[in-house]
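Architecture and fold: a report
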Amino acid sequence: MDFRLHKSAPGAVAEAAADALIVIAGGDTPQALPDARIAALVRDALASGDFAFKPGRTLYLQRAAGVAAPRLVVAAAGGETAKAFKKALAAALGVLKELGARHVAVAASFKLETAHAEAAVLAASEARYVYRHTKPSAPKDGALARLTLLVADADAKAARKGLAQGEAVAAGVTLARELANRPGNHCTPSYLAQTVRGLGKEHDLEVKVLDRKDVEKLGMGAFLAVAQGSSEAPKFIVAHYRGAAKGVAPVVLVGKGITFDSGGISIKPSAEMDEMKFDMGGAASVIGTLRAIAELKPKLNLVCIVPACEN
């Protein structure tokens, strides 16, 4: 997906060239909105009871007078925080989901800072995400292909930084979701190891994968005991990202990588057994974080450890 920034002059938001315009309202009065033409439309909607400044409420208008975009969505956030902004944007994108808007422009009634821009990317990425890899008929992609954030000239630098951060974090979140959503016969310990090795090659990371013999030599009896009931080979995965000086102590993340859990203190009943593929959610989160960090390139040292096996 393409994320862009456009410097919009005060009062010119309604002129944005896009398939749809989303305006996030942080306050509870129309006059706070970034364009007088949109404020007038909202006043009419308030008077008719079609809209209210309550978090989660949206107003959709087709071919609104004075608005260049053929679709207009106004969403109430109930505040100006990045969290409130993201929630309102997600609601607005939900309104557009089944429509044909490929390019969406987004503005707000308040200053958009780095955290808001990052939230915009995450909201759009989540709105577009569809799992399809093991489905017999893959769902079609939604129309949304580009999101342009409309900001004042003075806010452009901070917003541009947020877009870059958001794209890296979104890439990590998407990878984590993809790993967790794959069934256990696809997302095996070997598949997790292959995924981390791929990240290592792409981002120049040090990756080491210990197989059963390596684990036996190290005396990892508890890990081997969990893995002994499966024909799938266990993999103990260690990855290093080095962005700080060698002597700086690393952050260490450990993610549980039980790619399918049929056991426990007793064999589980069949109900909801399919959900046991999510027992590697910790591993998925750590691997997704590794990808985000590798793309952001912060000044820190990171060690990611994933003991992966079937139970």
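Read on for a plain summary of the structure. (Residues numbered from 1 in each chain as written. Predicted model: local features only at pLDDT ≥ 70, side-chain atom pairs only at ≥ 80, totals over all residues. Heavy atoms only, no water.)

1. Describing the sheet that holds strand E4 (residues 71–76)
Ordered in space as E1-E6-E5-E2-E4-E3, the six strands form an open sheet in which the pairing is mixed. Only two strands of the sheet have a single neighbouring strand rather than two, namely strand E1 (2–7) and strand E3 (58–62). Across this sheet, the average inter-strand angle for adjacent strands is 20 degrees, counted without regard to direction. Where strand E5 (residues 103–108) lies against strand E6 (residues 146–151), four bridges are found, and the strand directions are parallel. Each bridged residue has a counterpart across the sheet, and for alanine 105 the counterpart in E6 is threonine 148. (Pairing = 2+ DSSP bridges. Helix = DSSP H or I, 4+ residues; strand = E, 2+ residues; numbered from the N terminus. Axes fitted to C-alpha atoms, helices over the stretch in contact; angles between N-to-C directions.)

2. Notes on the packing of aromatic side chains
By the definition in use, this model includes three aromatic pairs. Note on phenylalanine 51 and phenylalanine 53: the rings are 5.4 Å apart at their centroids and 75 degrees apart in plane angle, and the pair reads as edge-to-face. Phenylalanine 51 sits in the buried class, given a relative accessible area of 3%. Note on phenylalanine 53: relative accessible area 17%, which makes it buried. (Phe/Tyr/Trp six-rings, centres within 6.5 Å; stacked < 30°, edge-to-face > 60°. Buried < 20%, exposed > 50% of the residue type's maximum accessible area, 1.4 Å probe, protein only.)

3. Focus: helix H2 (residues 82–96)
Because an α-helix completes one turn every 3.6 residues, residues spaced three or four positions apart along the sequence face the same direction. Taking 1.5 Å per residue as the helical rise, H2 with its 15 residues ought to reach 21 Å, and the 21 Å between its terminal C-alpha atoms agrees with that figure. Buried residues in H2 make contact with strand E2 (20–25), E3, E4, E5, helix H3 (114–128) and E6. (Expected span 1.5 Å × (residues − 1). Contact = heavy atoms within 4.5 Å.)

4. A closer look at empty space enclosed by the protein
Within the structure shown, the criterion is met by one cavity of 30 Å³ or more. Quantified by volume, the largest cavity comes out at close to 50 Å³. Around the largest cavity sit Leu122, Ser125, Glu126, Tyr129, Ala170, Val173, Thr174 and Arg177, which together line it. Of all the secondary-structure elements, those providing two or more residues to the lining of the largest cavity are H3 and helix H4 (156–181). (1 Å grid on protein atoms, 1.4 Å probe; cavity = no way out; pocket = protein on both sides within 12 Å on 5 of 7 lines; lining within 4 Å. Points joined across faces, edges and corners; volume = space filled by probe spheres on them.)

5. A closer look at the layout of surface pockets
Here the largest pocket defines a volume of roughly 400 Å³. Lining the largest pocket are 16 residues, and of these Met1, Ser125, Arg128, Tyr129 and Thr174 sit closest to its centre. Of all the secondary-structure elements, those providing two or more residues to the lining of the largest pocket are H3 and H4. Ranked by residue count, the leading element in the lining of the largest pocket is H4, at six residues. In terms of residue class, the lining of the largest pocket is made up of seven nonpolar, three polar and six charged. Each pocket or cavity is described by its volume, and for the second largest pocket that value is around 250 Å³. As for the second largest pocket, its lining consists of 15 residues, and the residues nearest its centre are Lys97, Ala127, Arg128, Gly142 and Ala143. Its residues assigned to classes, the lining of the second largest pocket shows nine nonpolar, one polar and five charged. (Nonpolar A, V, L, I, M, F, W, Y, C, P; charged D, E, K, R; others polar.)

6. Examining the nonpolar core
Counting 35 residues, the largest nonpolar core has Ile22, Ile24, Phe85, Leu89, Val104, Val106 and Leu149 as its most contacted members. Only E2, E4, H2, E5, H3, E6 and H4 provide two or more residues apiece to this core. Ignoring anything within four residues of it in the chain, the contact list for leucine 149 reads Arg4, Leu5, His6, Phe85, Val106, Leu112, Ala117, Ala120, Ala159 and Leu163. (Core = buried A, V, L, I, M, F, W, Y, C linked by side-chain atoms within 4.5 Å.)

7. Examining the pattern of salt bridges
In this structure the tally under the stated criterion is eleven salt bridges. A salt bridge links arginine 37 to glutamate 15, with the nearest nitrogen and oxygen atoms 3.3 Å apart. With arginine 37 in helix H1 (residues 36–48) and glutamate 15 in the loop between E1 and E2, the pair connects residues that are 22 residues apart, well separated along the chain. Under the relative-accessibility criterion, arginine 37 is labelled partly exposed at 30%. Linking aspartate 155 and lysine 111 is a salt bridge whose minimum nitrogen-to-oxygen distance equals 3.9 Å. Taken together, the residues aspartate 155 in the loop between E6 and H4 and lysine 111 in the loop between E5 and H3 connect sequence positions 44 residues apart. Where salt bridges share partners, they join Asp2, Arg4 and Arg146 into one cluster. (Salt bridge = Lys/Arg side-chain N within 4 Å of Asp/Glu carboxyl O.)

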